[in-house]
Amino acid sequence: MCGITHQSQDIEPLIQQYQHSPLIKVTELGRSVEDRPIYQLTLGQGKKRVLAWSQMHGDEHTATAALFDLLKYITADEQRAWRDSWFNDITLYIIPMVNPDGAAKNTRVNAQGIDINRDALALQSPEGQLLMAAAKQIKPHYAFNLHDQNRFHAAGDNPNPATISLLAPAYNTDREINDTRKAAMQLISYVKPFLEQQIPAHLGRYNDTWSPRSFGDTFAGMGISTVLVEAGGHRNDDD
């Protein structure tokens, strides 16, 4: 692991490093309320477009660290053959730390006191505006909305915390399944056996009540197959 990344200054050296990588295009999408940069990193050159973003809640650090672990793995010399196997088929867009102001204060909300993940409709926050603009420009086939959850979320009927919870968000109040949501569900079904091997009895399913102000639900309604990933605790790991 690259370590816990609490603030934008923690990821800045990694961003600078990848600006010199021939494999990654680094773009500054814009600035937060307190003028901190928000970046997008692009890899691959395929027609299948995938968007992933992290830390829209400033106190949810796990996925930002995981994304930089992923970038380190992808760009490693020993992964060239694996990388070449998909680089011409997929374009991966990563937006780490959507809420750098909240990260600096270790708070859920941004500097305006707005929960960015409830700003998908009003778009009152510059961070939410940047994420929506990126999604509309990229038009991803798949999107990964990366969050943290506390240790009190159980893994279904198991007496264990949900180390990972997955969900294909609803796009309407009736929680209907159209082709877009079905594709997200199929992706989760494909990944589920691998996760169950790694974290048996610690895999959960997140609540799919429709939340029209949330980005995942909004993106699902825009025709983007979206997967919510919530990282939680593990019974054998207090950290």
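Data block above holds the structure.
Residues numbered from 1 in each chain as written. Predicted model: local features only at pLDDT ≥ 70, side-chain atom pairs only at ≥ 80, totals over all residues. Heavy atoms only, no water.

Participant: Before we move on, could you go through the environment of Q19 and cite the residues and values that matter?
Facilitator: Note on placement: Q19 falls in the loop between helix 1 (8-18) and strand 1 (24-31). The spacing of Q19 and R83 is 64 residues in sequence and 19 Å in space, taken between C-alpha atoms. (Helix = DSSP H or I, 4+ residues; strand = E, 2+ residues; numbered from the N terminus.)

Participant: Before we move on, can you summarise the side chain of T180 with the specific residues and values?
Facilitator: Checked against the element boundaries, T180 lands in helix 6 (residues 179-198). Look past the residues within four positions of T180 in its chain and what remains in contact with it is A220, G223, I224 and S225. (Contact = heavy atoms within 4.5 Å.)

Participant: Explain the nonpolar core to me, using residue names and the numbers behind them.
Facilitator: If you look at the biggest cluster of nonpolar residues, it comprises 32 residues, and the most contacted ones within it are L41, L43 and L71. Here this core takes 5 residues from helix 2 (residues 62-75), the largest share from any one element. Counting 19 residues, the second largest nonpolar core, distinct from the first, contains Y93, A120, A135 and A143. (Core = buried A, V, L, I, M, F, W, Y, C linked by side-chain atoms within 4.5 Å. Buried < 20%, exposed > 50% of the residue type's maximum accessible area, 1.4 Å probe, protein only.)

Participant: Could you give an account of unusual backbone geometry, naming the residues involved and the relevant values?
Facilitator: In this structure, M97 takes a positive phi of about 55 degrees despite not being glycine. With respect to the element layout, M97 can be found in the loop between strand 4 (90-95) and helix 4 (100-105). Residue M97 is classed as buried on the basis of its relative accessible area of 1%. The phi dihedral of N106 falls on the positive side, at around 55 degrees, and the residue is not glycine. Judged by relative accessible area, which is 42%, N106 ranks as partly exposed.

Participant: Can you lay out a nonpolar patch on the surface for me, pointing to particular residues and giving the numbers?
Facilitator: Where nonpolar side chains cluster on the molecular surface, the patch consists of Y190, V191 and F194 and spans about 320 Å² of accessible area. Checked against the element boundaries, Y190 lands in helix 6. Look at Y190 and you get exposed, because its relative accessible area is 58%. (Patch = residues over 30% accessible without salt bridge, like charges linked within 9 Å, V, L, I, M, F, W, Y side chains within 5 Å. Areas by Shrake-Rupley, 256 points an atom, 1.4 Å probe, with all protein chains shown as cover. Salt bridge = Lys/Arg side-chain N within 4 Å of Asp/Glu carboxyl O.)

Participant: Residues and numbers for the pairing of strand 6 (residues 164-167), please.
Facilitator: Burial of strand 6 is two-sided: the residues I164 and L166 facing one way and the residues S165 and L167 facing the other way are all buried. Summarising the sheet, strand 6 and strand 7 (residues 203-205) pair through 3 bridges and their orientation is parallel. What sits directly across from I164, in strand 7, is L203. Judged from the 4 bridges that link them, strand 6 and strand 8 (residues 225-231) form a sheet pairing that is antiparallel. By the bridge assignment for strand 8, S165 is matched with E230. (Pairing = 2+ DSSP bridges.)

Any link to function would need more than the numbers given here.
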